[in-house]
Amino acid sequence: MPSILKAIKTSDFTYEMDDYHVEIINAPDDCDWSRWGMLDDRRSTRMYCFKKDTEDQLYQFILDGEVYKFEEDMLLTITGVSDAQNNKKIAMLSTPNFEEFVGINDKDEEGNPKEGAPFLPIPQNYHVYMQTKDDQTIIDQFLWTEGTRNFRPNGITRSWFNICAFPEDTDWGRWTMTYDSNHYQLSLPAYVYYAFKQGSNSEIYFGRYGADGCKEDPNSDGEYYTAYSYEPDKHPEDVEGDQYYGQAKCGNIKIEGLSEDVQVSDISVVFDGNNTHMYLMID
């Protein structure tokens, strides 16, 4: 079983380790813990990992008291995974109970909603993210289809996003995402991207969605698209009603209390509606 530690967010730039060690019970023998993710849907915290030797199958674990318990007979499928995606690492998040727009993959050629198209994010909507193989700064998004056990490529504006202006020493192999609506209620900047600094186990870079992208949108007439950005100048200025509340849009997070001899191999961040928790997978 994997060794997973937890830290809790105490400020925009600080997480503090606690003594909690994640316990996982009843896990199948063919769990691939090198590919895992976590989310909270405001009902429970959930953990996922790939079924070994599959490209698109996920097991689900539910937090039950103090342990994560395998949910039997629950196998989820990520449809649309191709050779273009790097599924050796995933990130996950859940959006809260509100409706936004019809997703880009649910519109016709004229931009009108297809018949029966759902609004996104749908209540307790689940997201899976993967990097593209050719460019680690491009992530593809898969959304859960309500009433099914399937994720498929989709999004409010597109099924992929760019990560831009992050430092040159970003460790693109240790990254994750969450939807932190504590200060950004029902706002796109609640989507946050995290990645470790290369060679560090206690310093993490983060950026929020809502900044101008660094590439042209191939589906538009030379317009730049919105992206996750580390560069504060790329984000909109705070104005009344924009729901930023003066909170940091990007920067460097420090993990306090982590032993110097610990090597973090992967990370998940979960916002449970009140607190933000960081889960660190240890070699």
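Scoring rules and cut-offs
- Residues numbered from 1 in each chain as written.
- Predicted model: local features only at pLDDT ≥ 70, side-chain atom pairs only at ≥ 80, totals over all residues.
- Heavy atoms only, no water.
- Helix = DSSP H or I, 4+ residues; strand = E, 2+ residues; numbered from the N terminus.
- Buried < 20%, exposed > 50% of the residue type's maximum accessible area, 1.4 Å probe, protein only.
- Contact = heavy atoms within 4.5 Å.
- Areas by Shrake-Rupley, 256 points an atom, 1.4 Å probe, with all protein chains shown as cover.
- Polar contact = N/O pair within 3.5 Å; in protein donor to acceptor, adjacent residues only side chain to side chain.
- Salt bridge = Lys/Arg side-chain N within 4 Å of Asp/Glu carboxyl O.
- Phe/Tyr/Trp six-rings, centres within 6.5 Å; stacked < 30°, edge-to-face > 60°.

Asker: Explain the overall build of the chain residue by residue, including any values.
Answerer: The secondary structure content of the chain amounts to zero helices and 21 strands. Considering the chain as a whole, with its 283 residues, one finds that 56% of them fall into the buried category. Pairs at least 24 apart in sequence give 57% of the contacts found in the chain among residues at least 6 apart. For the chain, the exposed area adds up to about 13100 Å²; of that, 43% sits on carbon and sulfur atoms.

Asker: Give me the lowdown on the side chain of R46, citing residues and values where you can.
Answerer: With respect to the helices, strands and loops of the structure, R46 is situated in strand β5 (residues 45-51). A polar contact of 2.8 Å, which involves the side chain of R46, links it to the side chain of D41. Aside from chain neighbours lying at most four places away, what touches R46 is G37, M38, L39, D41, Q60, F61, I62 and Y126.

Asker: Go over the pattern of salt bridges, please, and point to the residues and values.
Answerer: For side chains bearing opposite charge, pairing can occur when the charged atoms are close. Under the definition given, this model contains 10 salt bridges. For the salt bridge of D41 with R43, the shortest nitrogen-to-oxygen distance reads 3.1 Å. Here D41 and R46 are joined by a salt bridge, their closest N and O atoms 2.8 Å apart. According to the relative accessible area criterion, D41 is buried, its value standing at 1%. Residue class for R46 comes out buried when judged on its relative accessible area of 12%. Shared partners join several salt bridges into a network, and the residues in it are K9, D12 and D180.

Asker: Please give an account of the side chain of T178 that cites residues and values.
Answerer: As for its position among the elements, T178 is in strand β15 (residues 170-179). Its relative accessible area of 3% is what places T178 among the buried residues.

Asker: Residue-level account of the packing of aromatic side chains, with values.
Answerer: Under the counting rule described, the total for this entry stands at 17 aromatic pairs. Plain terms: the ring middles of W160 and Y225 are 5.0 Å apart, the flat faces sit at 80 degrees to each other, and that makes the pair edge-to-face. Residue W160 is found in strand β14 (residues 160-164), and its partner Y225 is found in strand β18 (residues 224-229); the two are separated by 65 residues along the sequence. Of the two residues, W160 and Y225, both sit in the buried class. Centroid distance Y205 to Y230: 5.5 Å. Interplanar angle 70 degrees. Geometry classified as edge-to-face. Residue Y205 is found in strand β17 (residues 203-216), and its partner Y230 is found in the loop between β18 and β19 (250-256); the two are separated by 25 residues along the sequence.

None of this, on its own, says anything about what the molecule does.
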